[in-house]
Amino acid sequence: MNQPATQSDPTPKAQVETPTAPVDTATGTAPDYHALVERLRTSFLSDRTRSADWRDEQLAALKRMLVEHESDFLDALGEDLGKPALEGWITELSYVTGEIDHYRKHLERWMRPRKVSTPVFAQPGKSWVQAEPLGVVLVMSAWNYPLQIALAPLAAAIAAGNCAVVKPSELAPATSALIARHLTDYLDPASFAVVEGAVAESTALLRERFDHIIYTGGGAVGRIVMTAAAKHLTPVTLELGGKSPCIVLPDTDLEIAARRIAWGRYMNAGQTCVAPDYVLTDAETEQKLLPLIAESLERMFGKDPQASDSYGRIVNHRHFDRLAGLLNSGTVAIGGRTDRDDRYIEPTVLTGVTPDQPVMQEEIFGPILPILRTDSLEAAIEHIRGGDKPLAAYLFTRDEAAQERFLAAVSAGSVCLNDVIMFSAVPELPFGGVGESGMGAYKGERGFLNFSHGKAVMKRSLWPDIALRYAPYTRSKFSLLRKLR
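Residues numbered from 1 in each chain as written. Predicted model: local features only at pLDDT ≥ 70, side-chain atom pairs only at ≥ 80, totals over all residues. Heavy atoms only, no water.

Undergrad: It is not clear to me how the sheet that holds strand E9 (residues 278-281) should be interpreted in this structure. Could you clarify?
TA: To summarise the sheet geometry, strands pair through backbone hydrogen bonds and adopt either a parallel or an antiparallel arrangement. Spatially, E10-E13-E14-E9-E8-E15-E16 is the arrangement adopted by the 7 strands of the open sheet, whose pairing is mixed. Both edges of this open sheet fall to strand E10 (331-334) and strand E16 (414-417), since each of them pairs with a single strand only. Within the sheet, the average angular offset between the axes of one strand and its neighbour, ignoring direction, is 25°. Direction of pairing for E10 relative to strand E13 (residues 348-351): antiparallel, over a ladder of 3 bridges. Pairing of Ile334 across the sheet is with Val349, part of E13. Taken strand by strand, helix H12 (residues 377-385) contacts strand E8 (245-248), E9, strand E14 (368-373) and strand E15 (392-396), and its axis lies near 145° from that of E9. (Pairing = 2+ DSSP bridges. Helix = DSSP H or I, 4+ residues; strand = E, 2+ residues; numbered from the N terminus. Axes fitted to C-alpha atoms, helices over the stretch in contact; angles between N-to-C directions. Contact = heavy atoms within 4.5 Å.)

Undergrad: I tried to follow the packing of aromatic side chains on my own but got confused; where do I start?
TA: Note on aromatic pairs: each is described by the distance of the centres and the angle between the planes. In the structure shown here, the tally under the stated rule is 8 aromatic pairs. With a centroid separation of 5.4 Å and an interplanar angle of 90°, the aromatic rings of Trp143 and Phe365 are classed as edge-to-face. Remark: Phe365 occurs in the loop between E13 and E14 and Trp143 occurs in the loop between strand E3 (136-140) and helix H5 (148-159); sequence separation between them is 222 residues. Centroid distance Phe431 to Tyr442: 6.0 Å. Interplanar angle 80°. Geometry classified as edge-to-face. Highlighted residues: Phe431 in strand E17 (residues 431-432) and Tyr442 in strand E19 (residues 441-442), separated in sequence by 11 residues. There is no split in this pair, since Phe431 and Tyr442 are both buried. One aromatic cluster in this structure is built from Tyr103, Trp110 and Phe448. (Phe/Tyr/Trp six-rings, centres within 6.5 Å; stacked < 30°, edge-to-face > 60°. Buried < 20%, exposed > 50% of the residue type's maximum accessible area, 1.4 Å probe, protein only.)

Undergrad: Explain helix H1 (residues 33-45) to me, please; I cannot follow it from the model alone.
TA: In an α-helix, one turn spans 3.6 residues; hence positions three or four apart end up facing the same way. With 13 residues, H1 should reach 18 Å at 1.5 Å per residue; the first-to-last C-alpha distance of 18 Å fits that figure. Within H1, burial applies to Tyr33, Leu36, Val37, Leu40, Arg41, Ser43 and Phe44. Projected onto a plane normal to the axis of H1, the buried residues spread over an arc of 155° and lie on a single side. H1 presents Thr42 and Leu45 as exposed residues on the side facing more than 90 degrees away from its buried surface. For H1, the N-terminal cap is Asp32; the gap from its side-chain oxygen to the backbone nitrogen of His34 is 3.3 Å. Where H1 terminates, the next one or two residues include Asp47, which has phi positive at roughly 70°. (Expected span 1.5 Å × (residues − 1). Arc of directions from axis to C-beta. Polar contact = N/O pair within 3.5 Å; in protein donor to acceptor, adjacent residues only side chain to side chain.)

Undergrad: Would you mind going over the sheet that holds strand E1 (residues 114-116) with me for this structure?
TA: A sheet is described by the order of its strands in space; here 3 strands give the open sequence E1-E2-E20, paired in antiparallel fashion. Whereas interior strands pair on both sides, the edge strands pair on one side only; in this sheet they are E1 and strand E20 (452-460). Each neighbouring strand pair of the sheet contributes to a mean axis angle of 30°, computed without reference to strand direction. Taken together, the 3 bridges between E1 and strand E2 (residues 125-133) define a ladder with antiparallel strand orientation. Within E2, the residue paired with Val116 across the bridge is Ser127.

Undergrad: Teacher, can you tell me more about the nonpolar core here?
TA: The nonpolar side chains of soluble globular proteins are, as a tendency, buried together. Among the nonpolar cores identified, the biggest contains 115 residues, and Leu62, Leu151, Leu154, Leu183, Ile247, Val274 and Tyr394 are the most heavily contacted of them. Among the elements that line this core, the one with the most residues is H5, at 10 residues. In this structure, Met140, Cys163, Leu206 and Tyr215 belong to the second largest nonpolar core, which totals 25 residues. (Core = buried A, V, L, I, M, F, W, Y, C linked by side-chain atoms within 4.5 Å.)

Undergrad: Sorry if this is basic, but what is going on with the pairing of strand E7 (residues 236-239) here?
TA: A regular strand places its side chains on the two faces of the sheet in alternate fashion. The two faces of E7 match: Val236 and Leu238 on one face and Thr237 and Glu239 on the other face are all buried. Of the strand pairs in this sheet, strand E6 (residues 212-216) and E7 are connected by 4 bridges, and their pairing is parallel. Within E7, the position partnered with Thr216 by the bridge is Glu239. Sheet topology note: the E7/strand E18 (residues 438-439) ladder contains 2 bridges and is antiparallel. Paired with Leu238 across the bridge in E18 is Met439.

Undergrad: Looking at this structure, how should I read a nonpolar patch on the surface?
TA: Side chains of Val120, Phe121, Leu480, Leu481 and Leu484 sit close together on the surface and give an oily, nonpolar patch of about 410 Å² of accessible area. On the secondary structure map, Leu484 appears in helix H15 (residues 475-484). For Leu484, a relative accessible area of 32% puts it in the partly exposed group. (Patch = residues over 30% accessible without salt bridge, like charges linked within 9 Å, V, L, I, M, F, W, Y side chains within 5 Å. Areas by Shrake-Rupley, 256 points an atom, 1.4 Å probe, with all protein chains shown as cover. Salt bridge = Lys/Arg side-chain N within 4 Å of Asp/Glu carboxyl O.)

Undergrad: I would appreciate a short explanation of a negative patch on the surface in the present structure.
TA: Where like charges cluster on the molecular surface, the negative patch consists of Asp251, Asp399, Glu400 and Glu404. Structurally, Glu404 can be placed in helix H13 (residues 400-409). Judged by its relative accessible area of 52%, Glu404 is exposed. (Lys, Arg positive; Asp, Glu negative; His and termini not counted. Charge placed at Lys NZ, Arg CZ, Asp CG, Glu CD.)

Undergrad: Teacher, can you tell me more about helix H9 (residues 254-266) here?
TA: When the terminal C-alpha atoms of H9 are compared, their 18 Å separation across 13 residues agrees well with the 18 Å that a helix rising 1.5 Å per residue should span. Residues of H9 that are buried: Leu254, Ala257, Ala258, Ile261, Ala262, Gly264, Arg265 and Tyr266. Considering only its buried residues, H9 is in contact with E8, E9, helix H10 (283-301), E13, E14 and E15. At the N-terminal end of H9, a side-chain oxygen is found 3.2 Å from the backbone nitrogen of Glu255, two or three residues along, and the residue is Asp253. Positive phi appears at Asn268, one or two residues downstream of H9, with a value of about 55°.

Dropping the structure here:
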């Protein structure tokens, strides 16, 4: 996600500034993060995390935490983001428990060594790839889905047999406090820890040596994470987002397209990294689409979305002010009302938007949907390819040739045809970005592999020990080896 204030910048812009040293409020002293990480590393080196039974027990305990404290977490999500309980359950709790179920179902199969063929000149012998855990993982979470983005990567790290430090976002303080309160009551406290805090705590943690870091947030902080990781040659997974485009061609079912786009754009008050960020369509289709979006919004949120139990709020006043400033781009065709005290921005559609306007210069990350007019699929593709590669890209059309052209021409972390966001409900599909929208991926088996090292192994017999490979290198050996190759 482009700066400022993107998907999941876990902290305000001040994150890029020099922080003060963290202080433990209970003791008044600086916390010893080095000792914390080394404690987890000692647990990892004891080999306790390697067995399938341990991993399954930890995953089961993580799910039990979410089930037993479901109402508390839903209340916290409501407090932090005004998130409706059903939305919080679907997109956060149920999402994570579904991921956990998927890991538990497939874990033993994924842990098995994967046999590969051994060439004739290395016979007799066997070769395989063996997944081994990396060690201690740092999970740096985000505020927009503060439970999902903290615990889904954690579940993947557990499945791969790692210990972990979880750093929740301080911009979702109620959810962060619940994670800190309960996580190590349910999970092995020798192998897991939670660190709350903001810039100072994040910066201090990044000085430590981890075996993998996963960060969800904005590009500016992503670069800070990579710079810190480089000191220890620590691999990173970055989930950064971007301006996810949505092309609507005139041959699609516009009523369905409008409903699905409205759902994806305005869920969580637009604060979703893979939400359709803007629509690309022709003038005639735009005129047909607008009243259908308005109808969809009224069906979902009523005539007054501010009074709806199904519509959330902007996370804080800093983000509210940024979003309110973007309403000056183009013309407000739907919505546009705001209430700063309530952190409320009405579901809004902007028309007459041009690529050079402020709303098109950064990921919106709020309930504002600009429509850009393009004359054709090729013109829309050209616009998309002229910018950074997005985290997601969407196309609504019945034309299979157009779908194939879109898939071939548009590079994005994920693509959905004739819908939005729904790929995230498929555990077997990896989730991750490309280029400016991120690197690495997780979910399902890809998550297991992301937090594992695929160790190459060969086992050979001690007999026979054929002299063919040893010096002296004669012409006859050379000829025979060429034939064996």
